[in-house]
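A look at the structure
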Amino acid sequence: MLKAGSQGLTSNGEKKKARVYTDGFFDFVHFSNAKLLWPAKQYGKKLIVGIHSDDELDNNGILPIFTDEERFRMISAIRWVDEAFEDAPFQPGMSTLNQLDYINHPTTVETARYEEIRGSERAKQYVISEHVTDQEVAGRLMLVTKSHHMETDSILEFKSAVLPFASDPMSNEPVISVSLFKQNFTFAPVVIGKKPKATDRVVYVSGAFDLFHAGHLSFLEAAKELGDYLIVGIVGDDDVNEEKGTIFPVLNLLERTLSVASLRIVDEVFVGVPPVTSVKFINLIKASKIAVYPETHPRRFAGCTQLGIIKEVCPDYDATCEEILERITSRKIASSEDDEIAMFSSVPLNNNQH
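Quick look at the structure, then. Note that the structure is predicted; figures quoted are calculated from it, not measured.

1. A few points about helix H8 (residues 253-261)
Of all nine residues making up H8, nine are buried, and the element is well covered by its neighbours. If you check which residues of H8 are buried, you get Leu253, Leu254, Glu255, Arg256, Thr257, Leu258, Ser259, Val260 and Ala261. Two to three positions downstream of the cap, the backbone nitrogen of leucine 254 sits 3.1 Å from a side-chain oxygen, assigning the N-cap of H8 to asparagine 252.

This is the structure in structure tokens:
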């Protein structure tokens, strides 16, 4: 489990630096990127993240799934990232750190990239906890497996994994609330953090949020603008699979929850909510607005139309899971043998996979 240090000390009792820098291309699998950056934040009061450009990656033989614009937007949205910038050098030197205290870099990257600075006292190497890679996700697609799906009521497993994502890494205090939805229309608290004030306008959204991407983020940002307090409902694996079929969701309920919980614009997360939202549910959470994608309104929120609080939201960045899957397929085609492609391409790409 990830642990946070006190306000001024790291988990090892060292005094935190004013600014810490780490870099990477931070591609597909959003919650894994957030998890990777979490321990870097422990070393300083301000975490600065450099993101390599598409051109820089291309020059070094790396083909990302997300564009540099998407990767910048996604990383900037993480609660414990204080500043992000694009066009970070692929091989940072001491000049990169002149305005920073020191650099962190994970143990799994090619340390040759940090050759000039890794012997410096300003370099700090940290261990990455287990996380899901894009290769593992591609493997799920190739094998057409559902073994990664999980039961909604895995409370203990959820709590240990979700707590760091729901907490302030500086104080270790929960800043968002996470609860599991129960079939009797009650909620089992996993993490107790912020709750809405009586004067807050509560906005509710729900969905699968599978393969979390910039389109999802844009939708949630637009939803947050409708009110003061944003609640995000994550539909359970079984319900998503019933609607989408085959292996979907590609990321399981916990993984999808972590992606959403890492965002600074999110105030509360309900895990395992029903795919069809009822008036009873909305009255339970006291939502004053329901933000929806135009195409999901009829099948997921039709029963709530009478409330007059549904607001169709058009994100300023349009992307779908279908598009992301096509990008993964294209990248796999560029680097795989024909027999692997046949297996990978056998997964159907359905429409409206938000």
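2. Re helix H7 (residues 237-244)
For H7, the set of buried residues is Asp237, Val240, Asn241 and Lys244. Down the axis of H7, the buried side of the element spans an arc of 100°, and every buried residue falls inside it. Projecting away from the buried face of H7 at angles above 90 degrees are the exposed residues Asp238 and Glu242. Within two residues after H7, glycine 245 carries a phi angle of roughly 80°, on the positive side.

3. Section: the pairing of strand S8 (residues 202-207)
The element S8 is largely enclosed, with a buried count of six among its six residues. Burial along S8 is two-sided: Val202, Tyr204 and Ser206 and Val203, Val205 and Gly207, pointing in opposite directions, are all buried. Of the pairings in the sheet, the one linking S8 to strand S9 (residues 229-235) comprises six bridges and is parallel in character. Bridge pairing in S9 links valine 202 to tyrosine 229. Viewed along the sheet, the connection from S8 through helix H6 (residues 214-224) into S9 turns out right-handed. Sheet topology places S8 next to strand S11 (residues 289-292); two bridges connect them, and they run parallel. Across the sheet, tyrosine 204 pairs through a bridge with isoleucine 290, a residue of S11.

4. What to know about the packing of aromatic side chains
The description of an aromatic ring pair rests on the distance of the ring centres and on the angle between the ring planes. Under the counting rule described, the total for this entry stands at 11 aromatic pairs. On the numbers, 5.9 Å between centres and 20° between planes, the contact of tyrosine 21 with phenylalanine 85 is stacked. Note that tyrosine 21 is positioned in strand S1 (residues 17-24) and phenylalanine 85 in strand S3 (residues 83-86), a separation of 64 residues in sequence. Given a relative accessible area of 1%, tyrosine 21 falls into the buried group.

5. Some points on the nonpolar core
One finds Leu37 and Leu220 to be the most contacted residues of the largest nonpolar core, which totals 75 residues. Two domains each put at least three residues into this core: domain 1 (19-131) and domain 2 (155-322). Those residues in contact with leucine 220 that sit more than four places away from it in its chain are Val205, Phe209, Phe212, Leu230, Val232, Leu263 and Ile265. Counting 19 residues, the second-largest nonpolar core is a separate cluster that includes Ala208, Ile231, Val235 and Cys304.

The rules we used
- Residues numbered from 1 in each chain as written.
- Predicted model: local features only at pLDDT ≥ 70, side-chain atom pairs only at ≥ 80, totals over all residues.
- Heavy atoms only, no water.
- Buried < 20%, exposed > 50% of the residue type's maximum accessible area, 1.4 Å probe, protein only.
- Helix = DSSP H or I, 4+ residues; strand = E, 2+ residues; numbered from the N terminus.
- Polar contact = N/O pair within 3.5 Å; in protein donor to acceptor, adjacent residues only side chain to side chain.
- Arc of directions from axis to C-beta.
- Pairing = 2+ DSSP bridges.
- Right-handed = clockwise from strand over helix to strand, strands pointing away.
- Phe/Tyr/Trp six-rings, centres within 6.5 Å; stacked < 30°, edge-to-face > 60°.
- Core = buried A, V, L, I, M, F, W, Y, C linked by side-chain atoms within 4.5 Å.
- Domains from an automatic or database assignment.
- Contact = heavy atoms within 4.5 Å.

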